[in-house]
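Coordinates in review
What follows is the residue order along each chain.
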Amino acid sequence: MKVGLFIPCYINQLYPQVGKATIEVLEKLNVEVVYPSGQTCCGQPMANSGYEYESVGACNNFVNNFKDFDYIVTPSGSCAYHVKKHYNIIPQTEEVIKVRQNVYELCDFIVNVLKIKNLGASFPYKVGIHKSCHGLRGLRLGSCSEVVGASFSSLEDLLKEVKGTEIMSLRRSDECCGFGGTFAVTEEAVSVKMGKDKIQDHLENGVEVITATDTSCLMHLEGLITRNKQPLKVLHIAEILNSSL
């Protein structure tokens, strides 16, 4: 199995430790990981801003960089969803179809492709899971409160096996944090209010560390937490799965 590692813009520029944790987790699972140096943005920010067809170059570059891999793994549910669902704007060659079918968010890949849940990690803290929208309702990384059916969560499957971690229940467990890409810029006041509500839910339920599959959501929450001097930390789930505390 040959895996291409895609590191999104936020992680590359602002949270490189998440990228390092991702590759270390995969290597611990004996996965052959390659980081194509020619990769750039997947095109999601342009698409979110209404300029989807101006992202064609980024889409084609992504395909060219990852077309030869068995799987493409990324520590971002929103980027994985974008490639899977929105690369219909470029001609659907065999290479494009292969890339779209084989791109996975990290937790999805570990649980549903590798069929592994216990990574031998240790993280003795009370953790609140933020279920980012694209991963939850797009990639189906977990069940949604508005849908009647069996409850499941790839994130919880992994965190339940982390030694010392206590997953805290939330009152509004699958509600958006308010980031929403460019929504946080165009609707700043609404975005901030949603973020504050989400943080308050974690605080009221004894959470010490908030985790998620997307650094963009975590960055939004971390900014509010820092400005308001609140007693919470944020960590990408890759960092927890790579932890041996």
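A few points on the structure.

Conventions adopted
Residues numbered from 1 in each chain as written. Predicted model: local features only at pLDDT ≥ 70, side-chain atom pairs only at ≥ 80, totals over all residues. Heavy atoms only, no water. Axes fitted to C-alpha atoms, helices over the stretch in contact; angles between N-to-C directions. Helix = DSSP H or I, 4+ residues; strand = E, 2+ residues; numbered from the N terminus. Parallel < 35°, antiparallel > 145°, perpendicular 65-115°, else oblique. Contact = heavy atoms within 4.5 Å. Nonpolar A, V, L, I, M, F, W, Y, C, P; charged D, E, K, R; others polar. Pairing = 2+ DSSP bridges. Phe/Tyr/Trp six-rings, centres within 6.5 Å; stacked < 30°, edge-to-face > 60°. Buried < 20%, exposed > 50% of the residue type's maximum accessible area, 1.4 Å probe, protein only. Lys NZ or Arg CZ within 6 Å of the ring centre and 35° of its normal. 1 Å grid on protein atoms, 1.4 Å probe; cavity = no way out; pocket = protein on both sides within 12 Å on 5 of 7 lines; lining within 4 Å. Points joined across faces, edges and corners; volume = space filled by probe spheres on them.

What follows deals with the packing of helix H11 (residues 188-204) against helix H12 (residues 215-227). Following both chains from N to C, one finds H11 and H12 inclined at 80°, their axes separated by 10 Å at the closest point. Considering the angle they form, H11 stands roughly perpendicular to H12. Mapping the contact onto sequence places Ser191, Val192, Gly195, Lys196, Lys198 and Ile199 in H11 and His220, Leu221, Leu224 and Ile225 in H12. When the residues that make up the contact of H11 with H12 are grouped by side-chain class, the tally is five nonpolar, three polar and two charged.

The next subject is the sheet that holds strand E5 (residues 126-129). With parallel pairing, four strands are arranged side by side in an open sheet as E6-E5-E7-E8. The open sheet terminates on both sides in strands that have one partner only, identified here as strand E6 (166-167) and strand E8 (233-236). The pairing of E5 with strand E7 (residues 209-212) spans three bridges and is classified as parallel. When the bridges of E7 are listed, glycine 128 appears paired with isoleucine 210. Sheet strands touched by H12: E7 and E8. Its angle to E8, the strand with the most contacts, is close to 170°.

This part covers the packing of aromatic side chains. Enumeration over the complete set of coordinates arrives at ten aromatic pairs. Taking the centre distance of 4.7 Å and the plane angle of 35° together, the rings of phenylalanine 62 and phenylalanine 66 count as tilted. Placement of both phenylalanine 62 and phenylalanine 66 in helix H4 (residues 56-66) is noted, with a separation of four residues, approximately one turn of the helix. You can call phenylalanine 66 buried: its relative accessible area is 0%. By way of ring pairs, the aromatic residues Phe6, Phe62, Phe66, Phe69 and Tyr87 are connected into one cluster. Lysine 84 extends its terminal NZ or CZ atom over the ring of tyrosine 104, reaching a point 5.0 Å from the ring centre.

By volume, the largest pocket is sized at about 470 Å³. Lining the largest pocket are 29 residues, with Tyr10, Gln44, Phe179, Gly181 and Ser216 positioned closest to its centre. Secondary structure elements with two or more residues in the lining of the largest pocket: helix H1 (9-13), helix H3 (44-48), helix H5 (77-86), helix H8 (133-138), helix H10 (183-186) and H12. Taken together, the residues that form the lining of the largest pocket break down as 16 nonpolar, twelve polar and one charged. Size it by volume and the second largest pocket reaches roughly 180 Å³. For the second largest pocket, the full set of lining residues is Phe179, Ala184, Glu188, Ser191, Val192, Met219, His220, Gly223, Leu224 and Arg227. Those elements that provide at least two residues to the lining of the second largest pocket are H11 and H12.

In this section: the sheet that holds strand E2 (residues 32-34). On the basis of which strands lie adjacent, the open sheet formed by four strands has the order E2-E1-E3-E4 and parallel pairing. The two strands at the open ends of the sheet, each matched to only one other strand, are E2 and strand E4 (103-105). Within the sheet, the average angular offset between the axes of one strand and its neighbour, ignoring direction, is 35°. One ladder, built from three bridges, connects strand E1 (residues 2-5) with strand E3 (residues 71-74); its direction is parallel. The partner of leucine 5 across the bridge, within E3, is valine 73. Strands in contact with H5 are E3 and E4; relative to E4, the strand with the most contacts, it is inclined by about 155°.

Moving on, we come to the pairing of E5. Sheet topology places E5 next to E6; two bridges connect them, and they run parallel. Bridging from a neighbouring strand, valine 127 pairs with isoleucine 167 of E6.

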